[in-house]
Amino acid sequence: MSEPTTQQGAPELERRGRIGLVPARFGPGMVGGAEIVMAEIAQGLKARGWDVEILTTCAKDHFSWRNELPAGLAEEDGLAVRRFPVVMEDIAERGVLEHAIVSGAELSITQQQRWMNSGMRVPELFHYLLDHSDDYRALVFTPYPFWVTFACSQVAPDRSLLWTCLHDEPYARLELFQPVLTGVAGLFFQSKPEHELAHRIVKPLAPHAEIGCGVDVPQKYDPDGFRERYNIDGRFVLYSGRREGAKGWPDLLTNFAGAVGRYDIPFKLVTMGAGPIDAPPEIADRVVDVGFLSNDERDNAFAAADAYLQPGRWEAFSRTIMEAWLAGTPVIANNSSEVVRWHCGRSGAGLTYDDQHEFEQCLAFVSEAPDAAAALARSGRDYVLAHYTWDAVLDRFEAGLGEWTRP
């Protein structure tokens, strides 16, 4: 494994050459960890003196991939952003192959390629990189399963880096992604479990480093103002992110309804992010959607909540857990997520559950012993400040750039 080399005594990094960051979506209001992280890395690198450009699509929604934003080069939030139109075919065969992959069936490499190329594609971005990849010192792609990463990282693999977002899911084990994980210039991992997973499924890995993920540290919180602005009375627990099966949202609703039915749980369930609610009738009046929030209001929501709920099984890092701990809010998390279990074990700050009964017990504990739950969360804040400030993560990111690329 290649290790970051910006420790004391290392040669000073030359911040020369343009860095192209290549998320499949980019812009305000995007709900998605990888997309948000790329935007924050771009701002952080620019502040450190790098020439930064975003290469992305005209799409906002990751289901329809409809082209909603203008193609071409423009300045957005102080960054140069170059957008390319998506071609979306979504042919019937893709659904059949998708079901086979998720079911664990073995597909030939030809079938895997047909699956990948039958959904969203961005041919104009691919051809732009064929002509202009030499204009960039590095091209940073994320996340691994999208066509943009799969196809475009192979145009100039010697200057392609990957912010992997690798999960222990059937897609990660497809032969299709082997060249992406073995042949690029470098891989950035966000956690030790993600790093170990990569070693289990790919040999040999491209040069790589475990660098974590940065989280902004708010200077203040306004929990009372948040309650007032969103008309929320009483105690609540919080969910943040995409409301979809892959993130555990339906299971969370089922577990919450069970807790409400069996215990005297005082909580509402407040949710911010995107996606349909679809709450069961018995808890529909307890579920409050506050939509997509600004960063300040997001932080206020974490501070106002009695607990943050993380039901996802497939996490590469889980920034929302860090944001909850920074706000002094305890976390109730799905123990089947190896990454979340690792964070909770290292910090000693999380409550985890394996089934609905344990989920209900966690909620009952937070309800009946809020001071003990808050004390648990305090060690989580110390954990985040020790490992995941943006300064520390960008130092490690730049170490990878310096080691794996040249101006």
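One can find the structure itself at the top, above this paragraph.
Residues numbered from 1 in each chain as written. Predicted model: local features only at pLDDT ≥ 70, side-chain atom pairs only at ≥ 80, totals over all residues. Heavy atoms only, no water.

Caption draft 1: Up close: the side chain of E244. By the element assignment, E244 lies in the loop between β11 (236-242) and α9 (249-262). Take E244: its relative accessible area is 15%, and that puts it in the buried class. Apart from residues lying up to four places away in sequence, E244 is in contact with H62, F63, W249 and P250. (Helix = DSSP H or I, 4+ residues; strand = E, 2+ residues; numbered from the N terminus. Buried < 20%, exposed > 50% of the residue type's maximum accessible area, 1.4 Å probe, protein only. Contact = heavy atoms within 4.5 Å.)

Caption draft 2: View of the sheet that holds strand β12 (residues 268-274). Strand order in this open sheet of six strands is β13-β12-β11-β14-β15-β16, and the pairing throughout is parallel. Bordering the open sheet on either side are β13 (287-291) and β16 (350-353), each of which pairs with just one other strand. The sheet shows a mean angle of 25 degrees between the axes of neighbouring strands, taken without regard to direction. In the sheet, strand β15 (residues 331-334) pairs with β16 via four bridges, with the strands oriented parallel. Pairing of V331 across the sheet is with G350, part of β16. Where helix α11 (residues 319-326) meets the sheet, it contacts β11, β14 (307-310), β15 and β16, and its direction lies at approximately 170 degrees from that of β14. (Pairing = 2+ DSSP bridges. Axes fitted to C-alpha atoms, helices over the stretch in contact; angles between N-to-C directions.)

Caption draft 3: Molecular detail of the packing of aromatic side chains. Taken as a whole and judged by the stated rule, the model has 18 aromatic pairs. Judged by centre distance (6.4 Å) and plane angle (55 degrees), the rings of F126 and W147 are tilted. Of the two residues, F126 sits in helix α4 (residues 123-132) while W147 sits in helix α5 (residues 147-152), which places them 21 residues apart along the sequence. Owing to a relative accessible area of 26%, F126 belongs among the partly exposed residues under this scheme. Judged by relative accessible area, which is 7%, W147 ranks as buried. Look at F302 and Y308: their rings are 5.3 Å apart centre to centre, the planes differ by 65 degrees, and that puts the pair in the edge-to-face class. In this structure F302 comes out as buried when scored by relative accessible area, which is 0%. Among the aromatic side chains, those forming a connected cluster through ring pairs are W163, F188, F397 and W404. (Phe/Tyr/Trp six-rings, centres within 6.5 Å; stacked < 30°, edge-to-face > 60°.)

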